[in-house]
Amino acid sequence: MLRLAPWLLIAVLVVPVGAGLATLVMPAFGVHPGLGATTFTLAPWQALLAWPGIAQSALLSLSTGLIAPLIALTVVILFLAANQGTRLDRALHRLVSPLLAIPHAAVAFGLAFLIAPSGLLARIISPGVTGWERPPDWLIVNDPWGVALIAGLVLKEVPFLLLMSLAVLPQLSPERRIELARSLGYTPSLAWLKTVLPALYPLIRLPIYAVIAYSSSVVDMALILGPTRPPTLSVAVLSWFNDPDFSRRLMASAGALLQLGVTLSALILWWLGEQLVKPFGKRWLLNGQRTQGRRVWAAAGRVGLTLTTVTALLAMVGLGLFSLAGYWHFPDALPASFTLEHWQRAFSSLTLPLTNTLVIGVAATLIALVLVVACLENEVQRQLHPKHALWLLYLPLLVPQVAFLFGVVVAAESLGLRPQRSLVIAAHLLFVVPYLYLSLAEAYRRLDPHWMQVAHSLGASKWRAFWRVRVPLLLAPLLTACAVGLSVSISQYLPTLLLGAGRVPTVTTEAVALASGGNRRLIGVWALLQALLPFIGFALALLIPRLLRAKRNPRRGVS
Amino acid sequence: MKPYLTLAATMATTLLALALPAAASPEPSDWQAVLDEAEGQTVYWNAWGGDTRTNRYIAWVADEMQRRVGVEVRHVKLDDTGSAVSRVLAEKQAGNDNEGSVDLIWINGENFAAMRERDLLFGPFAESLPNFALTYPDDNPEVVTDFTLPTDGYESPWGKAQITFYYDSAYTQNPPRSMDALLDWAEENPGEFTYPRIPDFTGSTFLKQALIELSEEDDALYQPVSESDFDAVTKPLWTYLDALHPHLWRSGRSFPDSGPALRTLMSDGELSLAFSFYPSEAAVAVREYQLPESVRSYVLEGGTLGNVHFVAIPYNSPHKAGAMALANFLLSPEAQAQKQSLDMWGDRTVLDVNRLDEEDKARFEQGDTHPAELPADALSQTLPEPHPSWMTALQDAWRERYGTR
């Protein structure tokens, strides 16, 4: 039974993505029976290439896809190098999970309000410092180079990469490496960079690739923070799919395939970059420099992460203020009055979206958990190396959502699968499974096999050993992985909307629909609600193991 | 448009429906039969969900429908009507002709034209709704005309919109009352006015408003664009925009993404002048703490563009009877009066109120007016919408000129 697990897992993910992509290829070449188009033609591609600003759009997607992950990775690496075991280190660790829990759209709204010329920062320092009675006419949000968009992405990617790094770090025993290097006279930061980083990078490579794919194809953040003249490619593609002029559908399909190409290009360029850095890196590793730039490393590491954390928190504070605000005149640092009206209005229509969000999130997470654990248990029991085919797991993360979800809808309809909650759960699995796997795999594999051997030698069956030894020992990582899965499910917008035909409202679909009305007070309410649920998930993931451990005292779990 | 194709499609749909009782198409003219069939159905109504007031009104409608006719109404909140249109098209592409997921859709203009052209709508049904007569279509042709296209009973009128400007009297005292005055005003108040980025609906409407005022050839706008010299007709518009853009918000380097975004910018003090498709928007926004008390509304001197918005039933809806019962209730004096009330939504009625009986007429009398509201007679001059092909052509031309930096 367990042997089938990896194949089942891959089928669950690959078949829909493949079917979705296949459904796009035909329209991209002019064949769309629904529109009465039946002849093969290159016209959609010609229309695409003739579209004003198409090259700029594609280039923007490509550059965003490379720059945001590069900055996020640098911040994470410098922080880890500079702050091993300091108090700041521990404090920021505790903040990582909540930051990861805030959905992308919520961060984007918060950031937009924070940095806009009429935003929270400007209000705090005006008119005192600046003398502004009216906001200055500066283009900050939606800037043409995508700086605001990149900043928003970095805010979300830093916690993700940090969590992924922290999950795999212990197996590298960084303390031993650093001790050794320090005994050779290296400063701590340089010791970390030269002995731990080269071993760490291969282990977080897949999460980095997922981040690159995401950044190059993101829709929700790009709509809020991204450039507009022209927009990023993913935003343009989405607008063509929704264009009242149906002939744009064909161009949209071609555009979705172009988006896939752009994402693949970003991944290939990054890979080329890796190859390029390797020889230089090697020389730097061996150059014998032991104390070079010691203060700079430490300072950069602290500043980078502190800045991202504080910005994200301030963004949330801004949303919170607005969710309670009465009229809020520009240079005032606080609203003139506060009201609970916006929250009350949200509560009156909250029951159905909340139930759906929870049912879908819990169901998708549990199914994903069973699949992933079965797959890992198979691997561990049979002492297999991770299958190469498993990279297929990441297909839904690497292929842009706009590129295959529209196709999945047509494919599902063709099979007679009507929009319903179970279909939405299946669609969420596409994204929950890879993230859950990413979060759990390393912890699962590194659990000392002797624990299980001892259990077997005491006469426990495979199952008994699994339930009585492995699960309790891995409780913390299992719960964290579930919290990640839950937060991924909660933040899904397009899969929920498209596979549910809007009939399965969740907190996120409600939030996006209301966001189109531009009422920042309501956006604040719904964005906070959207962030609250995954936050509860992460809090439980931290609390449950502690409670259980306290109960079982003095026996302590393995960490 | 090829009428015989439409007819054939309608007949095919009807035949199919007869063969499959689950998706029976009711005969709209037998109203009692429609109501009988509607009872117990669940109608999925796809409507833009960006405004809590609209959402609240739809929730009220849902309660009433359940109570009066036993129809359950579910509001599918959209961020873009195009996504529901896309959905119906995808279902057609996949061969799902009787079990569609959209039962009623809030629609007008280009989306209606596109769905009609692809035979994605059920009908004609509107003229069979008992309450439709209260709109007196013979005297109010706008309720059966959507962007110059005859609705032919494929959509039922629901409400009325008209471009209305509003300004913050704390920052500007003499707002411009024509397009030419707007240019002068923008030069004197740089960075304090803008319009939503094309192809946004409100932004596109601004282009049409400007074109009607600036062009000498208004007649051409009410024919398909292919029948006139687009470049010649629109030349004054581009000259105007070229002159206007440097004085707009962010010097015209960026445009807000939607009509509601204009309101947010007004709220932040970034703009002093804005416009909306909903005459009551400013008054409502003041009530909801989004705009300052100093905001006032007005319309341009030559009148402003107005249109009617409708509800339509997709061809593959499995709950057509329920959808018709809903469309009929939406036209009832009670539902229309509730909708027009500022306390509920503030969207204007499509009924001919003066010809209602006294009891129903009284429902439309409003209480106190709000200082941010338009005076009652301000909307007497309504300019009709040009042919929908103009909207598409203007959007493409705008994108060609201003879509990239």
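Fair warning: this is a prediction, and the values are worked out from it, not measured in the lab.

Undergrad: Break down the interface of chain A and chain B for me, with residues and values.
TA: Facing the 49 residues of chain A at the interface are 56 residues of chain B. Looking at the side of chain A that touches chain B, the elements with two or more residues in it are helix 18 (401-414), helix 24 (507-515) and helix 25 (520-552) of chain A. Considered class by class, the residues forming the side of chain A that touches chain B number 22 nonpolar, 16 polar and 11 charged.

Undergrad: Lay out the confidence of the model for chain B with the relevant residues and their values.
TA: Close inspection of predicted coordinates is inappropriate for parts of the model with low pLDDT. All names here are of chain B. The predicted model of chain B averages 89 in pLDDT, with 93% of residues at 70 or higher. At the low end of the mean pLDDT range in chain B sits helix 1 (residues 3-19), at 45; at the high end sits helix 11 (residues 320-330), at 97. Confidence drops under a pLDDT of 50 for residues 1-23, and excluding neighbours within four residues, the segment shows 18 contacts in the predicted structure. We note a pTM of 0.87 for the whole complex and an ipTM of 0.84 for its interfaces.

Undergrad: Quick one: what's the story with the domain arrangement of chain A, residue by residue and with numbers?
TA: Residues and elements named next belong to chain A. What the domain assignment lists for chain A is domain 1 (1-41 + 341-559) and domain 2 (53-339). Averaged C-alpha coordinates put domain 1 and domain 2 at centres separated by 23 Å. Listed per partner, the contact involves 44 residues of domain 1 and 46 residues of domain 2. Among the elements of the structure, helix 1 (5-28), helix 15 (341-348), helix 17 (395-398), helix 18, helix 19 (421-446), helix 22 (475-491), helix 24 and helix 25 are those that each provide at least two residues to the side of domain 1 that touches domain 2. Sort the elements by how many residues they give to the side of domain 1 that touches domain 2 and helix 25 lands first, with 12 residues. A per-class count over the side of domain 1 that touches domain 2 returns 29 nonpolar, 10 polar and five charged.

Undergrad: I'd love a proper account of the domain arrangement of chain B, names of residues and values included.
TA: How large an interface is tends to be reported as the accessible area lost when its parts come together. Residues and elements named next belong to chain B. Partitioning chain B into domains gives domain 1 (3-158 + 309-372) and domain 2 (162-306 + 381-402). The gap between the C-alpha centroids of domain 1 and domain 2 is 29 Å. Between domain 1 and domain 2, the residue contacts involve 14 residues of the former and 18 residues of the latter. A total of three residues in the side of domain 1 that touches domain 2 trace back to one element, the largest contributor, which is helix 5 (residues 109-117). Looking at the side of domain 1 that touches domain 2, its residues break down into five nonpolar, five polar and four charged.

Undergrad: Pulling in residues and values, what's your account of helix 8 (residues 230-244) of chain B?
TA: All names here are of chain B. For helix 8, which comprises 15 residues, the first-to-last C-alpha distance of 21 Å matches the rise-based estimate of 21 Å (1.5 Å per residue) to within 8%. Residue Pro236 marks the point of greatest curvature in helix 8, where the axis turns by about 35 degrees. Within helix 8 the residues assigned to the buried category are Thr234, Leu237 and Leu241. Looking at the buried residues of helix 8, the elements they touch are helix 7 (201-214) and helix 14 (388-402).

About the cut-offs
- Residues numbered from 1 in each chain as written.
- Chains lettered and ligands numbered in written order.
- Predicted model: local features only at pLDDT ≥ 70, side-chain atom pairs only at ≥ 80, totals over all residues.
- Contact = placed C-beta atoms within 7 Å.
- Helix = DSSP H or I, 4+ residues; strand = E, 2+ residues; numbered from the N terminus.
- Nonpolar A, V, L, I, M, F, W, Y, C, P; charged D, E, K, R; others polar.
- pLDDT = per-residue confidence, 0-100.
- Domains from an automatic or database assignment.
- Expected span 1.5 Å × (residues − 1).
- Bend = angle between axes of the 7 residues up to and from the residue.
- Buried ≥ 20, exposed ≤ 12 C-beta atoms within 10 Å, placed from the backbone.

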